[in-house]
Structure formats: C-alpha cells, structure tokens
Amino acid sequence: MAAKATETVAKAPRPAGTPVAKRPGAANAPEREAPKERHPATSNAARTTDRYFELKSEIHKKLIGVLDVDRVSSIPKERVRSEIGRVVEKLLDDERVPMTTAEQNKIVEEVLDEVLGLGPLEPLLKEASISDILVNSFDKVFIERQGRLQLTPVRFRDNAHLLHIIEKIVAQVGRRVDEAQPIVDARLKDGSRVNAIIPPLALDGPSLSIRRFGRHVITSDEMIANKTIMPTMLQFLAACVQAKTTILISGGTGSGKTTTLNAVSRFIPSDERIITIEDTAELQLQQRHVIKFETRPPNLNKEGGINQRQLVRTALRMRPDRIVVGECRGAEALDMLQAMNTGVEGSMTTIHANSPRDAFSRLEAMILMADLEIPTKVILQQLASAIKMVVQVSRLQDGSRKIINISEVIGIQHDHIEVRDIFRFRRIGVTAEGKVQGRFEWSGETPAILERLRIGGIKLPANVFDEAQDVNI
Ligand SMILES: Nc1ncnc2c1ncn2[C@@H]1O[C@H](COP(=O)(O)OP(=O)(O)O)[C@@H](O)[C@H]1O
Ligand SMILES: [Mg+2]
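First things first, this report covers the structure right here in the doc.

Analysis parameters
- Think of each chain on its own: its residues are numbered from 1, step by step along the sequence as written.
- Think of it this way: whatever chain is written first is A, whatever ligand is written first is 1, and the rest follow in order.
- For this predicted model, a pLDDT threshold of at least 70 governs which residues receive local features, and a threshold of 80 or more governs which side-chain atom pairs are given and counted, while totals over whole chains, interfaces and linings are taken from all residues.
- Counting from the N terminus, the helices are the DSSP runs of H or I reaching at least four residues and the strands are the DSSP runs of E reaching at least two.
- The contact criterion used is a C-beta to C-beta distance within 7 Å, with each C-beta placed from the backbone.
- The pairing criterion is simple: DSSP has to find at least two bridges between the two strands.
- Fitted lines through C-alpha atoms give the axes, limited to the stretch in contact for helices. The angle between two N-to-C directions lies from 0 to 180 degrees.
- Orientation is classified from the angle alone, with under 35 degrees giving roughly parallel, over 145 giving roughly antiparallel, 65 to 115 giving roughly perpendicular, and any other angle giving oblique.
- Three residue categories are used. Nonpolar comprises Ala, Val, Leu, Ile, Met, Phe, Trp, Tyr, Cys and Pro, charged comprises Asp, Glu, Lys and Arg, and polar comprises the others, including Gly.
- Each residue is classified by how many other C-beta atoms fall within 10 Å of its C-beta atom, where C-beta atoms are placed from the backbone; a count of 20 or more means buried, 12 or fewer means exposed, and values in between mean partly exposed.
- Each residue receives a C-beta atom placed from its backbone. It is near a molecule or strand if this atom lies within 6 Å of it.
- Domain limits in this description derive from either an automatic procedure or a database domain assignment.
- Handedness of a crossing is defined here by the sense of rotation of the near helix relative to the far one, left-handed for an anticlockwise turn of less than a right angle and right-handed for a clockwise turn.
- Expected helix span is computed as 1.5 Å times (number of residues minus one).
- By construction, the arc corresponds to the directions joining the helix axis to the C-beta atoms.
- By definition, a nonpolar core groups buried Ala, Val, Leu, Ile, Met, Phe, Trp, Tyr and Cys residues that are joined through C-beta atoms within 7 Å.

1. Some words on the overall build of the protein chain
Along the backbone of the protein chain there are 14 helices and 16 strands. Contacts in the protein chain between residues far apart in sequence, at least 24 positions, make up 57% of those at least 6 positions apart.

Structural data, given as structure tokens:
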C-alpha cells in the first residue's frame, strides 16, 4: 500500500518545471516527442502524442493495482505523489523508456490529476485567467481568456476518458450522467458552473463547458480603455441608473451583455437593497446590500428545480429596492414587468436580441407565453411604461465589443414599441488589418429622460452630448 511505497521511492519529486539533467541514454531519445510543459495550455508547442497517453494510462492501470483508488482521496497527496513516482520509475525502467526527470515529474503530476482531480482539465482550472473551458470533443479543447477564444493542446485520451471525467464531476454533486440523463448542469467545488451533454444527444461524443466562478469581470474603466464605450456615454448611463431608470441590455451570445450589466449596476447607490437573480452567479456587485440568488436545475427525477420566475417572486417579497436579473429568457419576464410597474424601479436585465426593437418583440413574446390572458396591447403599454432605456451591445467582426446603441423608449406606434437612439456607434469602414473603424457619437436627439434626471437632482456633465470618439481612424 501507499505507506510502504514511500520508503521505496528513490527520488523525491521535484516541483514541476525544475531544470534537471537528462538521464543517461536520454540524449539520443528516439523520435518520441517529449512532453514539454506542465501546463500544456500555456504552450502551443506542447503536443501530446498517443504514446504519451498510452504511457499515462499504463501507469494509471498499474497504480490501480497497487493503490486502493477509492481510498486515495483520504491519503495525503504527497504520499500518493510519491507512490505514483515509484510506479512511473518502475514502468519506465521496465519498458526502457528514456525520460528526463522533468518529464517524469510532469507525468506524475498528470497521473495525480487523473487520480485525485479532473485529469486534463486540472491545469486549466488552476489558471485564474481562463474564464471559460469548452471541450467540444475529446481532442478539441478551447479556452476563453480576456474575451478571446483559443484552441489549446489539451486533450483527453478518447471519448471514454472524457466521459469518465464528466462522470467524476457529476458524481461530486451526487448526480448521474448516462443515456437516460444525457444532459447535466452541475457545479464544481469552486463554484464554477458545468454543462455537459453526452450521446445520444451529442452526436460526436461527449462535450463539456465550464464557466468559471469568480473570473475577472471587465470593469467600466476597462470598457473605456478598450473603447467598448466612450466616457460620456458611460456617464449618461450612470446618471440613468442613479435616477432609477429601468434598463434593458440587449445583445447576442457572448456580446458582453452580462459584462455590461455588471458594469452598469455598479452605479446603483450603495444604500439600496439589491437582489440579483441568475442562472449562474456571474455578477460581482460591490454594494453593501446585495442578496444573490441562483436558480437550481432539477434533479434526476426532474424534481426540486427552482427557476428564475420563482426567484423573482421570492425577491419581490423581500423588500428590494432593485432587482437585477442576469438574463431574461422566459416567464420571469412577466413577473419582472409587474414588479417594475408596481414600484421596483430601476431594475435591470439582459436579453438575447439583435436590436433594441427586436429586444421588445422578444420580451413581448416571453410575456405572452407566460400568460396568454393578457392582451398584447396591454403588454406593450406596460413594457413601454416600465422600461425606459435599452443598451445594445455587439461583438463586431474584429472581435471587439461595442455599445452600439443607447436608445430611449418613446412609446407605442403601429403596435410596436418605438425607440430612438441617444448615442450610437456609427461604423465607417475597416482598416487594412481588419479593425472596425467608426465613431461613438450623440444622435442629436435630446432625451426625454433629462427631465427625470433633473427632478431627481442628478447632474450630467455639461459636455455629455458634445463629445464624440473615433475608433481606429
Ligand atoms: N467590453 C468588453 N471588452 C472585452 N471583452 C469583453 C467585453 N465584454 C465582454 N467581454 C468578454 O466576452 C465574454 C462574454 O461576455 P459576457 O458578458 O459573458 O457575454 P454575454 O453575457 O453577452 O453572453 C467574456 O469572456 C467577457 O470577458
Ligand atoms: Mg451572459
């Protein structure tokens, strides 16, 4: 067992990456490609070969022979590490595989990750700068870092290996994944949210996505620095928030809706009581009175699920000053609307839509689905009176995010909610390098909201409508 093994370990494991001399005979190592780094995610050069995987699974198998894997989590990590080290050495000797100590250490770490953790995902999970991990298939793992999606050299041995890791994640939360239950929505110990889908629903094998908890959320200062918005537009939005204007943030997937919601909701005065409702807690508000709710997916027997609608209703009974709903995508729209029309002003949410007008059509459809008794006309009137401002965010073709419209609701015309721009990003062209050129500018319309700001005693900078900002020109 492990205890005995410690005595037999010849070499103490060195920290990963410690430079070490090659073992005799390693200099002329054959074509086998050396695994180069402990964190393959950080190196494009590191490419793992099949032989390497084979070796790892052999070590793994041998290890299971000598270790009581079920008990492994209760054995101190260092002891497991040295046990693995011993198995690795023995195996390499038996097989006459030349390997440097650094390479050996790497293999020990990886087998350790496999035994104690989530295998190939571990090095990615250790890097705080990674915000999303997207496993499209066992051999295609993408990460998102600072808003940029990139392919990593990380891979699983095969579909079965990936499935095994997914099962491990799901088992941690006392759930199961199999043909009868091929979709999972679970949470890692660190709060990250995991979604997995396996065959028969996923055609090419299991796939997995992990949205990190506590990942860096881009601040409004960063949004100004990277020209997502110009300073006067942000000042205008801040004033609207302070005046308890209900704001809808609209955009496509990954366009930056949640990021914008987070940035904008930080302008809510700190003495207000805020309740946030999300499917995955992403918002990071700094105010004093913040209560965070998160939905819960149903269990195996489709029981126990709590959706946004139920949470909105609960929130309303808890005397909130504001309710912030991460993303409005269903029946909760109706409860939000009723809340906004009965005194919880200044609430905010996001919606998946391509333009401010489209955002209202979507909301209308969601509310109709929730309650077919309410006539469309009434819904439109309530929407128009509750929501004053729409912020449209967009991910442009060069990958940059922009607030492309800040629009004001002006009322109902021809069975539509009419909006007009107050600010916009006007696209002008594209540079030779493919960067979008354009200009943030005021539309020329004096917003009706100014009256509300004046009544609320909220001051706007004198130049708020005079500034414009060129981008890539
Ligand atoms: N203004 C921005 N500048 C740079 N990156 C951004 C910006 N807004 C969002 N991102 C990045 O884009 C990704 C998706 O953003 P998110 O706000 O979650 O989008 P959505 O809620 O629309 O799906 C995140 O990784 C985020 O860090
Ligand atoms: Mg979002």
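And the narrative resumes.
2. Thoughts on the pairing of strand β5 (residues 193-197)
With five bridges joining them, strand β4 (residues 183-187) and β5 adopt antiparallel strand pairing. The residue of β5 that forms the bridge with Ile-183 is Ile-197. Turn length for the β4-β5 hairpin, with the two strands adjacent in sequence and antiparallel, is five residues, and the turn residue Gly-191 shows positive phi of about 95 degrees. The pairing of β5 with strand β6 (residues 207-211) spans five bridges and is classified as antiparallel. The partner of Ile-197 across the bridge, within β6, is Ser-207.

3. Things to note about the sheet that holds strand β3 (residues 148-152)
Reading across from one edge, β3-β2-β1-β6-β5-β4 is the order of the six strands in this open sheet, with antiparallel pairing throughout. Two strands bound the open sheet, and with one partner strand each, they are β3 and β4. Each strand axis lies, on average, 15 degrees off the axis of its neighbour in the sheet, ignoring direction. Across the sheet, helix α6 (residues 159-172) touches β1 (130-137), β4, β5 and β6, and the angle it forms with β4 is around 55 degrees.

4. Overview of the packing of helix α11 (residues 332-340) against helix α12 (residues 356-370)
Contact geometry for α11 and α12: axes closest at 7 Å, N-to-C directions at 100 degrees. The angle between α11 and α12 falls in the class roughly perpendicular. Listed contacts from α12 to Ala-333, Leu-334 and Leu-337 of α11 are Leu-363, Met-366, Ile-367 and Ala-370. When its residues are assigned to classes, the contact of α11 with α12 shows seven nonpolar, no polar and no charged.

5. Quick look at the environment of Gln-381
Among the secondary structure elements, Gln-381 is positioned in helix α13 (residues 376-386). By the C-beta count within 10 Å, which is 15 here, Gln-381 ends up partly exposed.

6. Topic: the site of ligand 1
Every one of the 16 residues lining ligand 1 counts as a neighbour, but Gly-147, Gly-256, Lys-257, Thr-258 and Thr-259 are closest to it. In terms of residues, the shell around ligand 1 owes the most to one element, helix α9 (residues 257-265), which gives three residues. Taken together, the residues of the shell around ligand 1 sort by class into two nonpolar, 11 polar and three charged. Here the shell around ligand 1 spans two domains, since at least three of its residues come from each of domain 2 (123-211) and domain 3 (220-471).

7. Thoughts on the sheet that holds strand β16 (residues 469-471)
Across the sheet, which stays open at both edges, the 10 strands sit in the order β9-β8-β10-β11-β7-β12-β13-β14-β15-β16 with mixed pairing between neighbours. Looking along the sheet, the strands with just one partner apiece sit at the ends: β9 (289-294) and β16. Adjacent strand axes in the sheet meet at a mean angle of 25 degrees when their direction is disregarded. The pairing of strand β8 (residues 273-278) with strand β10 (residues 322-325) spans four bridges and is classified as parallel. Across the sheet, residue Ile-275 finds its bridge partner in β10, namely Ile-323. Of the strands in this sheet, β7 (247-251), β12 (389-395), β13 (401-413), β14 (416-430) and β15 (436-442) touch helix α8 (residues 231-242), which is tilted by about 45 degrees from β13. Across the sheet, α9 touches β7, β10, β11 (348-352), β12 and β13, and the angle it forms with β11 is around 165 degrees.

8. So, the packing of helix α3 (residues 77-95) against helix α4 (residues 101-116)
Interaxial distance between α3 and α4 falls to 9 Å at its minimum, and their mutual angle equals 125 degrees. Viewed along their axes, α3 and α4 adopt a mutual orientation that is oblique. The handedness of the crossing between α3 and α4 comes out as right-handed. Contacts from Lys-77, Val-80, Arg-81, Ile-84, Gly-85 and Val-88 in α3 reach Gln-104, Ile-107, Val-108, Val-111, Leu-112, Val-115 and Leu-116 in α4.

9. Focus: α12
The terminal C-alpha atoms of α12 lie 21 Å apart, and with 15 residues this matches the ideal 21 Å at 1.5 Å per residue to within 8%. Buried within α12 we find Pro-356, Ala-359, Phe-360, Leu-363, Met-366 and Ile-367. The arc enclosing the buried residues of α12, seen along the axis, measures out at 125 degrees, which places them on a common side. Along α12, the residues that are exposed and aim more than 90 degrees away from the buried face are Ala-365 and Met-369.

10. Focus: the environment of Val-464
Mapped onto the secondary structure, Val-464 falls in the loop between α14 (449-455) and β16. Separated by 232 residues in sequence, Val-464 and Thr-232 have C-alpha atoms that sit 5.2 Å apart. Among all residues touching Val-464, those that are not within four sequence positions of it are Thr-232, Gln-235 and Phe-236.

11. Structural notes on the nonpolar core
Met-233, Leu-237, Ile-247, Ile-323, Met-336, Val-391 and Ile-406 are the most contacted members of the largest nonpolar core, which has 65 residues in total. If one sorts the elements of this core by residue count, α8 sits on top with seven residues. Not counting the four nearest positions on each side in its chain, Val-391 is found in contact with Leu-237, Ile-247, Ile-249, Thr-260, Ile-403 and Ile-406. Counting residues in each nonpolar core, the second largest holds 23 residues, with Val-135, Val-141, Ile-169 and Ile-210 among its members.

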